[in-house]
Amino acid sequence: RPRRLWAPSVEQGKNAEQSLAKLLWRDIRERGAVNVDSRGASSTAGALRALAFATRDKGRAVDFDVQWGSDDQGKLFRFHVAPGLGWAALKDSLGRFERLTASPKSDHRLLARAIKATDKKEGTVCVEGQIEDKNALFRLVKALAELQLLIGSRKVARCVALPVKRTSSSLSKETHDTQEKQENLRVYVWIEARARPSSDGSGGSPAGKSKSTSVHTDGEERLCDSTG
């Protein structure tokens, strides 16, 4: 059964986010899946950054979806996390990017509707926010949770998060300058039919809608290795 972890707040620093990223992979290896809970902007931004770091630091993606939850202290976000595609398969699944932006002033309901509408296009939906802006990332996660309500229980909005910077090359695991500061956190979103839970509790297949069999690069992005 997946374990429940709490996301660190921004006050706990980058080391806590890196530690959570390592815990995610440990639990994925041992249990097949893990749940991460967050409450508030700092904790939620920390959860999303940890998911992005976990994907960046391994040879395969961390697949997740987000739902509203609650406990005796009130509302929270619950990230359901499972192993995703390997790098080659992930790149082959991306296709052309359909870009959306999250900011501290974004209306999460409107952003959720935009993601749902854009998903019908041929490209892969990706939503970006500044990686250090906890309020922008909080709005992004709220939109993902709202999206799950919009699409209903028979579908799931599966996501992969990555830290990115704008360069002249395509998405790649390597970077020649590890000192360059990361600019954005990008979340790829696929709306799919919900798979039946597997025997290991991982909740089904990883993200990756087969809209394209090749990568069309925009000449702008590359995966960052530095955590800033």
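Predicted model only: the values in this text are computed from it and were never measured.

Undergrad: In this structure, what is going on with the overall build of the chain? I would like to understand it.
TA: Tallying secondary structure elements over the chain gives five helices and nine strands in all. In the chain, the order of α-helices and β-strands from amino to carboxyl end is β-α-β-α-β-β-α-β-α-β-α-β-β-β. Here the chain holds 228 residues, and the buried ones make up 51% of them. Here the analysis covers contacts within the chain between residues at least 6 apart in sequence; of these, 78% occur between residues at least 24 apart. Put simply, the chain shows about 10,500 Å² of open surface, and 46% of that area lies on carbon and sulfur atoms.

Undergrad: How should I be thinking about the pairing of strand S4 (residues 74–86) in this particular structure?
TA: Within a regular beta strand, the side chains point alternately toward one face of the sheet and then the other, so they alternate between its two faces. Note: strand S2 (residues 34–38) against S4, five bridges, orientation antiparallel. In the sheet register, serine 38 faces S4, and the bridge partner there is phenylalanine 77. Looking at chain direction, strand S3 (residues 60–71) and S4 are connected through eleven bridges and run antiparallel. By the bridge assignment for S4, glutamine 67 is matched with arginine 78. Where S3 folds back on S4, the antiparallel hairpin that results is connected by two residues.

Undergrad: Explain helix H2 (residues 40–56) here, please?
TA: For an α-helix, 3.6 residues make a turn, and residues three or four places apart therefore share a direction. Taking 1.5 Å per residue, 17 residues should reach 24 Å; H2 reaches 24 Å between its end C-alpha atoms and fits that length. Within H2, 16 of the 17 residues are buried, leaving the element largely enclosed by the surrounding structure.

Undergrad: Explanation requested: the pattern of salt bridges in the structure shown.
TA: Where charged atoms of side chains with opposite charge meet at close range, the side chains can pair. Taken as a whole and assessed by the stated rule, the structure comprises 15 salt bridges. Close ionic contact of aspartate 27 with arginine 3 constitutes a salt bridge, the shortest N to O distance being 2.8 Å. With aspartate 27 in helix H1 (residues 13–31) and arginine 3 in strand S1 (residues 3–6), this residue pair connects regions lying 24 residues apart in the sequence. The class for arginine 3 is partly exposed, based on a relative accessible area of 27%. Beyond isolated ion pairs, a larger network of salt bridges with shared partners links Arg4, Asp37, Arg39, Asp71 and Arg78.

Undergrad: Help me understand the environment of leucine 94, please; the structure alone is not making it clear to me.
TA: When you line up the elements, leucine 94 lands in helix H3 (residues 87–94). A sequence separation of 29 residues divides leucine 94 from glycine 123, and the C-alpha atoms of the two residues are 7.4 Å apart.

Undergrad: Explain the packing of H2 against helix H5 (residues 134–151) to me, please; I cannot follow it from the model alone.
TA: Helix packing for two helices is described by the angle between their axes and how far apart those axes are. Their axes nearest at 8 Å, the elements H2 and H5 cross at an angle of 75°. For the element pair H2 / H5, the angle class is roughly perpendicular. The residues of H5 that touch H2, namely those facing Gly40, Ala41, Ser42, Thr44, Ala45, Leu48 and Arg49, are Lys134, Asn135, Leu137, Phe138 and Val141. Within the contact of H2 with H5, the residues separate by chemical class into six nonpolar, four polar and two charged.

Undergrad: Please explain the nonpolar core as it appears in this structure.
TA: In globular proteins that are soluble, nonpolar side chains generally tend to be buried together. If you look at the biggest cluster of nonpolar residues, it comprises 46 residues, and the most contacted ones within it are Phe64, Phe79, Val81, Ile115, Leu144, Val187 and Val189. Those residues in contact with isoleucine 115 that lie beyond four places of it in its chain are Leu100, Val125, Val127, Leu144, Leu147 and Val189. Grouped together as the second largest cluster of nonpolar side chains are eleven residues, Val160, Leu162, Tyr188 and Trp190 included.

Undergrad: Explain the packing of helix H4 (residues 108–118) against H5 here, please?
TA: Here H4 crosses H5 at 60°, and the two axes come no closer than 8 Å. When the axes of H4 and H5 are compared, the pair comes out oblique. As for how H4 packs across H5, the hand of that crossing is right-handed. On H5, the residues touching His108, Arg109, Leu111, Ala112, Arg113, Ile115 and Lys116 of H4 are Arg139, Leu140, Lys142, Ala143, Leu144, Glu146, Leu147, Leu150 and Ile151. The residue makeup of the contact of H4 with H5, split by class, is nine nonpolar, one polar and six charged.

Undergrad: I would appreciate a short explanation of the pairing of strand S6 (residues 124–130) in the present structure.
TA: Among the seven residues that make up S6, six are buried, leaving the element largely enclosed by the rest of the structure. In this fold, the crossover linking strand S5 (residues 97–101) to S6 by way of H4 has right-handed handedness. Sheet topology places S6 next to strand S8 (residues 184–193); six bridges connect them, and they run antiparallel. Looking at S8, one finds that valine 125 is bridged to valine 189.

What counts, and where the lines are drawn
Residues numbered from 1 in each chain as written. Predicted model: local features only at pLDDT ≥ 70, side-chain atom pairs only at ≥ 80, totals over all residues. Heavy atoms only, no water. Helix = DSSP H or I, 4+ residues; strand = E, 2+ residues; numbered from the N terminus. Buried < 20%, exposed > 50% of the residue type's maximum accessible area, 1.4 Å probe, protein only. Contact = heavy atoms within 4.5 Å. Areas by Shrake-Rupley, 256 points an atom, 1.4 Å probe, with all protein chains shown as cover. Pairing = 2+ DSSP bridges. Expected span 1.5 Å × (residues − 1). Salt bridge = Lys/Arg side-chain N within 4 Å of Asp/Glu carboxyl O. Axes fitted to C-alpha atoms, helices over the stretch in contact; angles between N-to-C directions. Parallel < 35°, antiparallel > 145°, perpendicular 65-115°, else oblique. Nonpolar A, V, L, I, M, F, W, Y, C, P; charged D, E, K, R; others polar. Core = buried A, V, L, I, M, F, W, Y, C linked by side-chain atoms within 4.5 Å. Left-handed = near helix turned anticlockwise from the far one by under 90°. Right-handed = clockwise from strand over helix to strand, strands pointing away.

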